Amino acid sequence: MATTTITKTEKLVGKAMRRQEDPRLITGSATYVDDIQMPGMLHACILRSPHGAANIKSVDIAAALAHPGVAAVYVGKDTEKVGPVPCGASLPGLRVPHHYVLAIDRVYFIGHPVAVVVATDKYIARDAVDLIEVEYETLQAVTDPEKAIGPGAPPVHPEWPDNVAFNYHQEGGDVDTAFAQAEVVVKQRITSQRLIPSSMETRGVVADYNTGDKALTIWSSTQIPHLMRTLVAQMLGAPEHKVRVVTPEVGGGFGSKLNVYAEEALMGFVAMKLGQPVKWIESRRENCMCTIHGRGHVDYFEVAAKKDGTILGIKLKLIQDLGAYHQLLTPAIPTLSVLMMPGLYRCQNVRADIVGAFTNAVPTDAYRGAGRPEATHGIERMVDILAAELKMDPAEIRLKNFIHNDEFPYATGTGLSYDSGNYAAPLHKAMDLIDYHNLREEQRQARSQGRLMGIGLSTYGEICAFGPSPATPAGGWESATVKIEPSGMVTVMTGSSPHGQGEETTFAQITADELGVGIDDVIVLHGDTAIVQYGIGTFGSRGTAVGGTAVYFALQELKKKIKKYGAMLLESEEVSFSDGVCVDHKTGKSVTLAEIAGASHRAMKLPPGTQPGMVETYFWEPPNFAFPFGAHAVVTEVNRETGDIEIKRYVAVDDCGNIINPLIVAGQVHGGVVQGLGQALWEQAVYDDNGQLITGEFMDYAIPRASMIPWIETEHTVTPSPVNPLGVKGVGEAGTIGCSPAVVNSVVDALSTLGVRHIDMPMTPEKIWNLMEGARA
Amino acid sequence: MRIVQLTVNGVSHEVNVWPMARLMDVLREDIGLTGTKEGCGEGECGACAVLLDGELVNSCLIPVMQANGSKIVTIEGLSGSLQEAFLQTGGAQCGICTPGMIMAAHALLERIPKPMLDDIREGLAGNLCRCTGYQKIFDAVTLAAKSA
Amino acid sequence: MISQQFEYSAPATLQEALDLLANEGAKPLAGGMSLIPMMKLRLAAPEQLIDIGRLRELNYIRREGEQMHIGAGTTHWDVESSPIVRAHCPLLSETVSNIGDIQVRNRGTIGGSAAHADPSADYPAAFCALEAQFKLVKKGGERVVGASDFFVDMLTTALESGEIIAEVIVPVEQRGTGVSYQKCVQPASGFAIVGVAVRVSSEFVRIGVTGLGAKAYRATNAEEIYTSTHDAAKAAAVVADGADSNSDIHASASYRKHLARIYTQRALKEAASRMG
């Protein structure tokens, strides 16, 4: 046994470490679903409805079946017993239409799957789809949620002619008294338009059925491999332990892959029928039409206040465009908006009423922020509208209403407990960075020259780290297993299956610090239900806050065991473990982690009551959500001639608690902000009155390009979360949530001299030009 | 089916293909170089970008027959300071756009060895990324230009 | 996104290509930047593609006297990076640098863009302002058609069945002429919502407009007003008069007309400022 000099290794948490996953990504050696090739693999292509609403009179598959190379064609009646596509959310009185994997006798939205062709290659499969003859009787469609629940709208589902899927009411404090006492009430209709999440990798599924084992393996580009396994097994009536889901590299999700779709079960069905592996890769057009959309809100806000700007009460009537079906979390998303409707402000008197509206469109569901961007957009717009009404500065009114630092944990009128906060700090920092007071002077000068310059602020809060299990549909815990191999190398298995968030790096940083090993001595595995213990997944900014914490606790358990072995090997009563070495401070003798790992596997001798090996698994149940916050400040200038908006400065100050890896956090903020810019300025899923999706490809749906975006200046304040020992809060959605209200507030500020007080997104140049024309008239 | 000859990353291949097969598919499926990615299949996103006889093209828009006899470079054929710069700056997140982005950045630096920020924005305008907000990619290209 | 099956031929000479194009169901393929997406969307399904993109006979840029001759197979990048074009036809250089993205410019060709006649394409604005001539060839025939006759309607040109563009002919710009191309970009596709190409000298003014209507056009009414007044605003005010403006989710008809006026004014002013 060697006596080694103790060297303090450098701590990695907090350092801008290179990402462990990047070497494979930058060399093209990562494996995504579409990269999987298997002997005898068949290829599937799906025939989809060209109509928003229609009865299916007949489907003739004869010509497709006869096409050389076609192995099988299945229609709705073949798959009637598969499914239904699951809705995991429950609300009182929720109407849940039966969501078949293939339409039976009616289609409810454009892109609704009608038949699947399976062929020896994808070219043949695609050609054969065109050979299927479907006779449709087209029906009147409705895609506008307000029209859908209004009089005379065609029913999306004939059994529910009012198109109302649910009504939901939530109330806190005494709203009526607040409004009765108000000195000023401001009201505004605010929309958050439908968006297409547009992960750059579309969805894809490979399914393989071993007829001897009666075991099904599904490779799917998903955020939730274990939940998918449970749900797909249910959909197929297959025993769960004979279903394996493998999630290889995932090319982005943003919530759109926090779901179980018809295609996973459908490919499982095909593989089981044919006994051959089958691959289905979604085309970009299908991704636009058939993968969930986000947002889709029409919000009617009312805010009651005193003349000094103190907010007294908030009312919200929220109409949620659900689409034709409920996907996994569809009806739950607007309830998150309600939870966050008071934002960062000390207002206990809140009332919200949600109407969930069925429309002839693809379902909405979680998209980056999932309900919270809509809430933040609403309250942050309303606060600016109130400030304008009272002729107050937007910063001043926010500072006046913020929850105070000594009030945390703060119980909101919506039933949440905000964990920790220092809301003025990021606002002050953002104002300093952007030089707010001088900017206002600059703005006065610009206005005197006839220029339309605007300054916009948003101060946002969000619920992250989903979440305590009782508050989530499918368990809100996360799992981790940490193994020390006989050589001392470390394997971490996380149930939190990432798709670009860099968890292989951040979790390795946490592990390396706790065990005193190098980052390259740690590997983080995820996304294969045959390898990793049951887990929940990566969404809702929970990866590090919940998944990382599970890793941390597994490591604490492991360290107990390490110390037991260390004490045994050092023949000591008491040892300490740090920086990869167990030390008996009385004797000065020490033993390394690798030696301990070797001894625990060789098991010549065991510490009393201890098993051989070096593995610990921890399922961590968080006691609360975490609540990140921040402030964004944006300077814009509107071109008087064209309505073009130029973003001249963008400052984002985020407080996501402690930061594990600043490089990754900055990347999350940048990406989030640019998705927020997309919503504020360009993106909108547009259906026409017949239910046709006009923005069905990147030629018409404008996601931000490199040439379109401003430089984003990022800064942080750090307010650790008391909810988890890492003190982290989550950052995946922060940029998106903070962005859109800051940009809209800025442009409204620019146009305020023309009497403009609100603009709905996306703020296209034409919309701005029309506002300017209206003001001229 | 038709025979085409392609020299990919310096290696000659003869493959039997459908005439309408996309160059992207032949690279990925017949030649087995899956680093070239499909993002949209419509020529809008650049994930499938490769160098065809030295010029950046979207391989999803090229019927393979049109590339017969050509020299092609894919992400698997690149190595050096540009990729190193992506590592250092954190230019990748989910990684699906990354190979095409690196090919575009490579082509940009061939034409403009010391690009200004606006050159980079323009040079990468044909490559969509939904994760990074592009800023760390701009950093990567700037760094690569500096270290070259 | 996969197109239908088709046959493919790569003729070695232009003559061979024209022979093949005389067959029914044959369609020329150059850079493929317009045709291939149409085929993937299954809006076009030619049985046979005749690859003219690699014919050296169609790939050249040369000056002959007071005219520039550009082979139809010349890529946007070759035009953009050509010192001869920059020196003698700067409007083309400027316009072509506005097309799509690098990948499209590396592959797309001048002839392909003209033949596709997308109402939002950039090139046609310059063709109109330059009064470009198109040399059209088919098996056993050749003719020259001016830009104003070549663009007939949305995605429709004067090209007959079996006929292709062989060459685009534009004038060499005389000293003292200022040019400008001003474009409002459709953010998703990079096409022009409107694009205005202007040439102006002490002798004349030419204004070509794309994106506004079903086809690009020369705004002679605006030219006349500019010639008599030298007032960019007055000329721009009439540029959209009588045009049957497109309307889609990216811009309504009235906003497009407004943009045409604004961008015409900008192009006129910039071109005038560049008159040497």
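Residues numbered from 1 in each chain as written. Chains lettered and ligands numbered in written order. Predicted model: local features only at pLDDT ≥ 70, side-chain atom pairs only at ≥ 80, totals over all residues.

1. What to know about the overall build of chain A
The test is simple: Comment: elements are numbered from the N terminus, with helices defined as DSSP H or I runs of at least four residues and strands as E runs of at least two. Radius of gyration here is computed from C-alpha atoms only, and the compact-globule reference equals 2.2 Å multiplied by the residue count raised to the power 0.38. We call a residue exposed when 12 or fewer other C-beta atoms sit within 10 Å of its C-beta, buried when the count reaches 20 or more, and partly exposed for counts in between; the C-beta positions come from the backbone.
The secondary structure content of chain A amounts to 19 helices and 28 strands. Rg of the C-alpha trace for chain A: 28 Å, near the compact-globule value of 28 Å for 777 residues, within the 12% margin. Seen through its principal axes, chain A has C-alpha atoms that stretch 90 × 70 × 45 Å. Counting every position in chain A, which comprises 777 residues, the buried fraction comes to 62%.

2. Some words on the overall build of chain C
How we decide: Placing a C-beta atom from the backbone of each residue, one calls two residues in contact when those atoms lie within 7 Å.
The helix and strand inventory of chain C stands at twelve helices and 14 strands. Buried positions account for 58% of the 276 residues belonging to chain C. Counted over contacts in chain C with a minimum sequence separation of 6, partners at least 24 positions apart contribute 65%.

3. Observations regarding the interface of chain B and chain A
So the rule is basically this: Amino acid classes used here: Ala, Val, Leu, Ile, Met, Phe, Trp, Tyr, Cys and Pro are nonpolar; Asp, Glu, Lys and Arg are charged; the rest, including Gly, are polar.
Of the residues lining the interface, 43 residues belong to chain B; the matching set on chain A comes to 43 residues. When contributions to the side of chain B that touches chain A are tallied by element, the ones reaching two or more residues are α2 (81-89), α3 (98-111), α4 (117-123) and α5 (135-147) of chain B. Here the side of chain B that touches chain A takes four residues from α2(B), the largest share from any one element. Among the residues forming the side of chain B that touches chain A, the class breakdown is 20 nonpolar, 14 polar and nine charged.

4. Brief notes about the domain arrangement of chain C
How we decide: Source of the domain bounds: an automatic or database domain assignment.
The assigned domain composition of chain C is domain 1 (7-51), domain 2 (56-171) and domain 3 (179-273). With centres defined by C-alpha atoms, the gap from domain 1 of chain C to domain 3 of chain C works out at 34 Å.

5. A closer look at the interface of chain A and chain C
Chain A puts 20 residues into the contact, and the matching count from chain C is 14 residues. Counting residues per element, the ones that place at least two in the side of chain A that touches chain C are α3 (122-129), α8 (284-290) and α19 (765-776) of chain A. Take the side of chain A that touches chain C: its biggest share by element is four residues, from α3(A). In the side of chain A that touches chain C, the residues fall into ten nonpolar, two polar and eight charged.

6. Things to note about the pairing of strand β11 (residues 243-246) of chain A
Heads up, the rule is: For two strands to be treated as a pair, DSSP must find no fewer than two bridges joining them.
Alignment of strand β10 (residues 215-220) of chain A against β11(A), held across four bridges, turns out to be parallel. Note on β11(A): the bridge partner recorded for Ile218(A) is Val245(A).

7. Describing the environment of Arg640(A)
Structurally, Arg640(A) can be placed in the loop between β26 (629-638) and β27 (645-655). When residues no more than four places from it in sequence are discounted, the contact partners of Arg640(A) are Leu452(A) and Met772(A).

8. Some words on the domain arrangement of chain A
Residues and elements named next belong to chain A. When the domains of chain A are assigned, the result is domain 1 (22-29 + 477-620), domain 2 (33-139 + 202-250 + 257-290) and domain 3 (376-462 + 627-776). Measuring from the centre of the C-alpha atoms in domain 1 to the corresponding centre in domain 3 gives 40 Å. Across the boundary between the two partners, domain 1 contributes 13 residues, which contact twelve residues of domain 3. Counting residues per element, the ones that place at least two in the side of domain 1 that touches domain 3 are α14 (503-515) and α15 (543-570). It is α15 that contributes the most residues to the side of domain 1 that touches domain 3, five residues altogether. Classifying every residue of the side of domain 1 that touches domain 3 by side-chain character gives three nonpolar, nine polar and one charged.

9. Side note on the sheet that holds strand β1 (residues 7-9) of chain C
All names here are of chain C. Spelled out, the test is: Note on geometry: axes are C-alpha line fits, over the in-contact stretch for helices, and angles between N-to-C directions span 0 to 180 degrees.
In space, the three strands of this open sheet follow the order β1-β3-β2, with parallel pairing throughout. Here the strands that pair on one side only, and so sit at the sheet edges, are β1 and β2 (26-29). Each strand of the sheet is rotated relative to its neighbour by a mean of 25°, with strand direction disregarded.

10. Overview of the nonpolar core
Our working rule: Any nonpolar core is a set of buried residues, restricted to Ala, Val, Leu, Ile, Met, Phe, Trp, Tyr and Cys, that join up through C-beta atoms within 7 Å.
The biggest cluster of nonpolar side chains holds 419 residues, and the ones touching the most others in it are Ala44(A), Ala115(A), Val117(A) and Val209(C). No other element matches the 13 residues that α15(A) contributes to this core. In contact with Val117(A), other than residues within four places in its own chain, are Ala44(A), Cys45(A), Ala64(A), Val70(A), Val73(A), Ala125(A), Ala128(A) and Val129(A).

11. What about α3(A)?
Within α3(A), seven of the eight residues are buried, which leaves the element mostly enclosed by the surrounding structure. All of the buried residues along α3(A) are Tyr123(A), Ile124(A), Ala125(A), Arg126(A), Asp127(A), Ala128(A) and Val129(A).

12. Topic: the sheet that holds strand β28 (residues 713-716) of chain A
Residue and element names in this part refer to chain A. On the basis of which strands lie adjacent, the open sheet formed by four strands has the order β18-β26-β27-β28 and mixed pairing. Strands with a single pairing partner mark the edges of an open sheet, and in this sheet they are β18 (452-461) and β28. If you compare each strand with its neighbour and ignore which way they point, the axes differ by 15° on average. Strands β18, β26, β27 and β28 of the sheet are contacted by helix α12 (residues 424-434), whose axis makes an angle of about 30° with β26.

13. Concerning the environment of Val743(A)
Residues and elements named next belong to chain A. Relative to the helices and strands, Val 743 resides in helix α18 (residues 734-751). It is 42 Å that separates the C-alpha atoms of Val 743 and Leu 102, two residues lying 641 residues apart in sequence. With residues near it in sequence (within four places) discarded, Val 743 still touches Gly 456, Val 634, Leu 677, Ala 680 and Leu 681.

14. Structural notes on unusual backbone geometry
All names here are of chain A. Here the bond from Phe 408 into Pro 409 is cis, since omega is -5°, no more than 30 degrees from zero. Mapped onto the elements, Pro 409 comes out in the loop between α11 (394-401) and β16 (410-411). Each neighbour pair has its own omega, and for Phe 466 with Gly 467 the value is -25°, a cis peptide bond. Note on placement: Gly 467 falls in the loop between β18 and β19 (478-484). For Ser 198, which is not a glycine, the phi torsion comes out positive at approximately 60°. With respect to the helices and strands, Ser 198 occurs in the loop between β8 (184-192) and β9 (204-210). The exposure class of Ser 198 is buried, given the 26 C-beta atoms found within 10 Å.

15. Here's the deal with the packing of helix α6 (residues 225-236) of chain A against helix α7 (residues 262-274) of chain A
All names here are of chain A. Selection criterion: What sets the label is the angle itself: under 35 degrees gives roughly parallel, over 145 gives roughly antiparallel, 65 to 115 gives roughly perpendicular, and the rest give oblique. Left-handed describes a crossing whose near helix is turned anticlockwise from the far helix by less than a right angle; the clockwise case is right-handed.
The N-to-C vectors of α6 and α7 enclose an angle of 55°; their axes lie 9 Å apart at closest approach. One finds that α6 runs oblique with respect to α7. Once α6 is placed against α7, the crossing between them reads as right-handed. Along its contact with α6, which presents Met 228, Val 232, Met 235 and Leu 236, the element α7 presents Glu 264, Ala 265, Gly 268 and Phe 269. By residue class, the composition of the contact of α6 with α7 is six nonpolar, one polar and one charged.

16. Here we look at the pairing of β9(A)
Residues and elements named next belong to chain A. Counting buried positions over the seven residues of β9 gives six, a clear majority of the element. Strand direction decides the pairing type here: β9 and strand β12 (residues 278-281), joined by four bridges, are antiparallel. Bridge pairing links Gly 204 to Ile 281 in β12. As defined by bridge partners, β9 adjoins β10 across six bridges and the pair is classed as antiparallel. In the strand pairing of β10, Val 206 is matched with Trp 219.

17. Comments concerning the confidence of the model for chain A
Our working rule: Each residue carries a pLDDT score, the predictor's own confidence in it, on a scale running from 0 to 100.
Confidence in the prediction of chain A, expressed as mean pLDDT, is 96, and 99% of residues score 70 or more. Every residue in residues 1-8 of chain A is under pLDDT 50, and counting partners more than four places away or in other chains gives 13 contacts.

18. Remarks on the packing of helix α17 (residues 662-682) of chain A against α18(A)
Residue and element names in this part refer to chain A. Viewed as axis vectors pointing N to C, α17 and α18 meet at an angle of 40°, and their least axial separation amounts to 7 Å. With respect to α18, the element α17 is oriented oblique. Seen from above, α17 lies across α18 with right-handed handedness. For the pair formed by α17 and α18, the contact residues are Gln 668, Val 669, His 670, Gly 671, Gly 672, Val 673, Gln 675, Gly 676, Leu 677, Gln 679, Ala 680 and Leu 681 on the first element and Ala 734, Gly 735, Thr 736, Cys 739, Ser 740, Val 743 and Val 744 on the second. For the contact of α17 with α18, a count of residues per class yields nine nonpolar, ten polar and no charged.

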